[in-house]
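Given next are the chains, with one letter for each unit.
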Amino acid sequence: MSLRRRCPGLLSACLIVGVFAPGASAQQPAPAASGARILLLPRRIVSGERATLAVLDVNGRLTPGVTVNFSNADRLTTDATGRVLFVAPLNPGVIFGSIAGRAGRVATTILSPSEAASTAIEISSVPRVASLTDRFELFGKSFCGDADANQVTIAGQPAIVLASSPIALVVLPPPDLHPGSAAVEVSCAKRQSPPFSITLVGLALRPTPHH
């Protein structure tokens, strides 16, 4: 079955632009589709359920107007938020997505609804260590396929959910966090996970001294 597109609201577009371009004015042009380099596709999606993918440019900005091709012949185009809300194919298995005109592809596994069923948010896999400035992925159950319907806080501050499915979230930490252990909470549709912790680290390049 084909991927069926669903569009997030305009509010999410304003939120994403504000987060990824601090201080940017409304007149600043959106990133060009030709600069698209990174496809963020949840590594696990659920048959017949909604999911959100995102495309970033070389500078990590969400990029609108980018065509994403799938191995089942479906094609989707990112909207003004640089993302696409779609419905996963019905047949379980593995499909691949790729940015049109770019080498490389990203795999995602389609699970059956019974494998993802849960009445409460469950967290099954989290990274031990995550970068303060880079995205990371969470696995579990009962997340929202619409990325904007999920609320993720890290050390009490709201993070950005870039891509999502009922069983996977791709999360970007909020700015101005400090290295160290941080409590994380996930909520969606009045469901909330128990708090859990990850360790955040800062990555800095240091010049090599000359002898």
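1. Comments concerning the pattern of salt bridges
Here's step 1: On inspection of all chains with the given rule, the structure shows four salt bridges.
Here's step 2: Between Arg61 and Asp57 there is a salt bridge; the shortest N-O distance is 2.9 Å.
Here's step 3: For Arg135, the salt bridge goes to Asp134, with nearest N and O atoms at 3.2 Å.
Here's step 4: Using a relative accessible area of 30% as the deciding quantity, one classes Arg135 as partly exposed.

2. Quick word on unusual backbone geometry
Here's step 1: Phi angles above zero are rare outside glycine, and Ser142 is one such case at about 70 degrees.
Here's step 2: For Ser142, the location among the structural elements is in the loop between strand E12 (136–141) and strand E13 (150–154).
Here's step 3: The exposure class assigned to Ser142 is buried, which follows from its relative accessible area of 10%.
Here's step 4: Even without a glycine there, the phi angle at Lys190 is positive, about 70 degrees.

3. A closer look at the sheet that holds strand E8 (residues 93–99)
Here's step 1: As summarised here, the arrangement of the five strands in space is E3-E9-E8-E5-E6, forming an open sheet in which the pairing is mixed. Since the sheet does not close on itself, it has two edges, and those belong to strand E3 (44–46) and strand E6 (75–77), each with one partner. Averaged over all pairs of adjacent strands, the angle between strand axes in this sheet comes to 30 degrees, irrespective of strand direction.
Here's step 2: Bridge analysis of strand E5 (residues 67–70) against E8 gives three bridges, and the strand direction is antiparallel. In the sheet register, Phe70 faces E8, and the bridge partner there is Gly97.

4. Focus: the state of the cysteines
Here is the idea: a disulfide is a covalent bond, and it sits between the sulfur atoms of two cysteines.
Here's step 1: The tally for this structure, following the rule as stated, stands at one disulfide.
Here's step 2: Residue pairing for Cys144: its cysteine sulfur links by disulfide to Cys188, the two sulfurs lying 1.6 Å apart. The chirality of the disulfide connecting Cys144 with Cys188 is right-handed, given an S-S dihedral of about 65 degrees. In this pair, Cys144 is assigned in the loop between E12 and E13 and Cys188 in strand E17 (residues 180–188), connecting sequence segments 44 residues apart. The residues Cys144 and Cys188 share a single accessibility class, namely buried.

5. Some words on the nonpolar core
For soluble globular proteins, the rule of thumb is that nonpolar side chains tend to be buried together.
Here's step 1: Counting residues in hydrophobic clusters, the biggest one holds 22 residues, and the most contacted among them are Val152, Ile154, Leu169, Val171, Val186 and Leu200.
Here's step 2: Those elements that place two or more of their residues in this core are E12, E13, strand E16 (168–172), E17 and strand E19 (196–201).
Here's step 3: A total of four residues in this core trace back to one element, the largest contributor, which is E17.
Here's step 4: Excluding anything up to four places from it in sequence, Val171 contacts Asp134, Arg135, Phe136, Leu138, Val152, Ile154, Ala159 and Ile160.
Here's step 5: The next biggest cluster of nonpolar side chains, apart from the first, holds 17 residues, and it includes Ile45, Val68, Phe70 and Ile95.

Cut-offs and rules
- Residues numbered from 1 in each chain as written.
- Predicted model: local features only at pLDDT ≥ 70, side-chain atom pairs only at ≥ 80, totals over all residues.
- Heavy atoms only, no water.
- Salt bridge = Lys/Arg side-chain N within 4 Å of Asp/Glu carboxyl O.
- Buried < 20%, exposed > 50% of the residue type's maximum accessible area, 1.4 Å probe, protein only.
- Helix = DSSP H or I, 4+ residues; strand = E, 2+ residues; numbered from the N terminus.
- Pairing = 2+ DSSP bridges.
- Axes fitted to C-alpha atoms, helices over the stretch in contact; angles between N-to-C directions.
- Disulfide = S-S within 2.5 Å.
- Core = buried A, V, L, I, M, F, W, Y, C linked by side-chain atoms within 4.5 Å.
- Contact = heavy atoms within 4.5 Å.

This is a description of form; function is not addressed.
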